[in-house]
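# Residue-level structure breakdown
Here's the letter readout for the chains.
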Amino acid sequence: LKLLGPLHPCVSVDLEAILRRAVPHPSAQRHRLVSAMALPAPWTDVFAEAERLKGTHLRTLLQDQARNNSMFLQSGGLTLDYSRERVDAKAMDKLFALAQAADVEGKRKKMYDGVKINETEGRPVLHVALRAARDAEICVDGQNVVPEVWKVLDDMKAFSEKVRAGEWTGFTGKKLTDVVAIGIGGSYLGVEFVYEALRTDPEAAKAAEGRRVRFLANVDPIDVKRALDGLNAETTLVLIVSKTFTTAETMLNARTVKEWLIKELGSPDCVAKHVAACSTALDKTAAFGIDSANVFGFWDWVGGRFSCWSAVGVLALSLQYGFDTVMKFHEGGRDMDKHFLTAPAKENLPMIMGLLSVWNVSVLKHEGCAVLPYCQALTRFVAHIQQLDMESNGKRVTMAGAEVPVGTGAIYFGEPGTNSEHTFCQLMHQGRVIPAEFIGFSTSQNPVELPGEPVSNHDELMSNFFAQPDALALGKTAEELQAEGVPANLVAHKTFPGDRPSLSLLLPVCNAYYLGQLLALYEHRTAVQGWVWDINSFDQWGVQLGKVLATQVREYLADARGKGADDSKFLPPTAKLLKKYLES
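Residues numbered from 1 in each chain as written. Predicted model: local features only at pLDDT ≥ 70, side-chain atom pairs only at ≥ 80, totals over all residues. Heavy atoms only, no water.

Per-residue confidence for the chain averages 93 on the pLDDT scale, and 94% of its residues sit at or above 70. Residue range residues 1-37 is modelled with pLDDT below 50. Its contacts to residues more than four positions away, or to other chains, number 25 contacts. (pLDDT = per-residue confidence, 0-100. Contact = heavy atoms within 4.5 Å.)

Set out below in structure tokens:
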């Protein structure tokens, strides 16, 4: 009551109600107040390790060189250093035991064997089949799917080479040099990430000379204008990516671009020469006017966020960079698949990264994760990882439908290189504790070394890559600041608590092969988390509710723009805002 201050005599106060609002019920705080005693033994063991390490600063942990050496791993050109995570050998042993208790290795085998581990949708999860070798055998319901995969790959190779060579031309006979790829979510983010990452790779850039790719995802008409800006319809090929050819945003954008083509080229007959599709709905693509020979399929065992290895990504990337470049990307992913399947747990990069994420999210209760690629070519990597991990692991119930007793899924964000240091790193150093994942490359795609400069531009960048994890881990104490003569009134402001966990990934160079390794690593890391939490990382029911409600709003707007409509089915604030919107 003292906090409330003097009250007007007419104001009545329900103090109990205020306290109920101020102190949430424990059930609303399950992720923060979870009792280790209520969990199965493997989980209680892991929580006990966190309690044991609670007062041990990373400054202390990093003094143990044997520990540090055990956390420095290499595989296929990738180096993982997780010595700045808040774990020691004993804690890692308990995490490996947790993975064993959750049967992570058994679930991994089921995935590779084509078992329908996506139980809520009754489907296998076989993105590994998309990048499998031609002679591999991966069966679904007794049938090897690899030959089907390679049939589509061969078809895309033939089509992309014809377009690139000018053998397949547009409606007016001109060579098709520009591509507009229309898709959203998993039909867009992964492809754009790889496209951007290869733009400045010397080999890929040479193969792409004279060619352009634009992406159209947002249903906002502004995105249409930007995607088509400066393009000539005579030289533009449109790719529509929609498995069912019914995705609302994609199909509206497709119809909009189709109208642009017809207007510019003067005949509906142009569609067959200027539009291709990644879809399984051949009746709908034919009705759209697309030549059936230019429709490339994929399968329901490919989740959208794992699909850039399929026609979803291969077609656009092959048209831009050539099919051989895309196959190097596949080769990198395939080698990571082999590593994930065969490497012992303590040497298995995806296994370790997945378990560390579980440790940070569920046990240490850190709700965020900063992915920090020190390479401008990875400018769209974090956006893809946001979908990959948050759509996969943003779940609240187990496979059996019970509430997960620990926190699941982190909030992913990030920016390339030193850009991040001048945006949100202040918060990471002196505000919230946010685990970080640093990604760097030994060699730049574009080496620059200026006369008179002490280091090359890439070394300048990588100096920060090596410094930031140490700064987050060690911090800066008040005693150190005082010894440096920092004025007393600034000591508190310049103190860094440190003890901020991170891991570092170092790759040789950002090319197609290592991009394949990197993406497959993150895909498998995501799956490991879900298997430990016993959730389904391969469905996405959370996407649906908003779409259902949007359909109701769309129907209302269609009526309201004409004769008027009934807004009583909406919440009063929504109806009020709709009325304001319709005033324009």
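Okay, the pairing of strand S1 (residues 72-75) next. Where burial is concerned, the two faces of S1 differ: the one with Leu73 and Ser75 is buried and the one with Phe72 and Gln74 is not. Bridge count between S1 and strand S2 (residues 78-81): 4 bridges; the pairing is antiparallel. For phenylalanine 72, the partnering residue across the bridge sits in S2 and is aspartate 81. Hairpin geometry of S1 and S2 is characterised by an intervening segment of 2 residues between the two adjacent antiparallel strands and by a positive phi of about 55° at glycine 76. (Buried < 20%, exposed > 50% of the residue type's maximum accessible area, 1.4 Å probe, protein only. Helix = DSSP H or I, 4+ residues; strand = E, 2+ residues; numbered from the N terminus. Pairing = 2+ DSSP bridges.)

Turning next to the side chain of aspartate 201. Tracing the backbone shows aspartate 201 in the loop between helix H10 (189-198) and helix H11 (202-207). Non-local contacts of aspartate 201, meaning those with residues more than four positions away in its chain, are made with Gln445, Cys510 and Asn511.

Attention now goes to a negative patch on the surface. Taken together, the side chains of Glu449, Glu453, Asp459 and Glu460 define an acidic patch exposed on the protein surface. Secondary-structure assignment places aspartate 459 in helix H22 (residues 457-474). Judged by relative accessible area, aspartate 459 falls into the partly exposed class, the value being 40%. (Patch = residues over 30% accessible without salt bridge, like charges linked within 9 Å, V, L, I, M, F, W, Y side chains within 5 Å. Areas by Shrake-Rupley, 256 points an atom, 1.4 Å probe, with all protein chains shown as cover. Salt bridge = Lys/Arg side-chain N within 4 Å of Asp/Glu carboxyl O. Lys, Arg positive; Asp, Glu negative; His and termini not counted. Charge placed at Lys NZ, Arg CZ, Asp CG, Glu CD.)

Here we come to the sheet that holds strand S5 (residues 178-182). Here we have 5 strands laid out as an open sheet, ordered S6-S5-S7-S8-S9, and parallel in their pairing. A single partner strand is all that each edge strand has here, and the edge strands are strand S6 (212-216) and strand S9 (295-296). Here S5 runs beside strand S7 (residues 236-241); their pairing, made up of 5 bridges, is parallel. Residue pairing for S7: isoleucine 182 is matched across the bridge by isoleucine 240. Packed on one face of the sheet, helix H13 (residues 248-265) meets S5, S6, S7 and strand S8 (275-278) and runs near 160° to S7. (Axes fitted to C-alpha atoms, helices over the stretch in contact; angles between N-to-C directions.)

Turning to the pattern of salt bridges, a few remarks are in order. According to the stated counting rule, one finds 28 salt bridges in the structure shown. Residue glutamate 161 pairs with lysine 157 through a salt bridge whose shortest N-O separation is 3.1 Å. Within this pair, glutamate 161 and its partner lysine 157 are both found in helix H9 (residues 146-165), separated by 4 residues, close to a single helical turn. Using a relative accessible area of 37% as the deciding quantity, one classes glutamate 161 as partly exposed. What you see here is one network of salt bridges that share partners, running through Glu49, Arg52, Asp88 and Lys90.

This next bit is on the sheet that holds S1. Across the sheet, which stays open at both edges, the 6 strands sit in the order S1-S2-S13-S12-S10-S11 with mixed pairing between neighbours. Of all the strands in the sheet, the pair left with one neighbour each is S1 and strand S11 (411-413). Direction aside, neighbouring strands of the sheet carry axes that sit 15° apart on average. With 3 bridges joining them, S2 and strand S13 (residues 502-509) adopt antiparallel strand pairing. Along S13, the bridge assignment pairs threonine 79 with leucine 506. Against the sheet, helix H19 (residues 381-393) contacts strand S10 (368-373), S11 and strand S12 (436-443), and its axis sits at roughly 170° relative to S11. The sheet strands contacting helix H25 (residues 512-533) are S1, S2, S10, S11, S12 and S13, and the helix crosses S13 at an angle near 150°.

For the rest of this paragraph, the subject is the environment of histidine 458. Counting through the fold element by element, histidine 458 comes out in helix H22. Taking the relative accessible area as the measure of exposure, histidine 458 reaches 13% and is therefore buried. Sequence-wise, histidine 458 and glutamine 445 are 13 residues apart; in three dimensions their C-alpha atoms are separated by 9.5 Å. Filtering out sequence-adjacent residues up to four positions away, histidine 458 remains in contact with Phe441, Ser442, Thr443 and Ser444.

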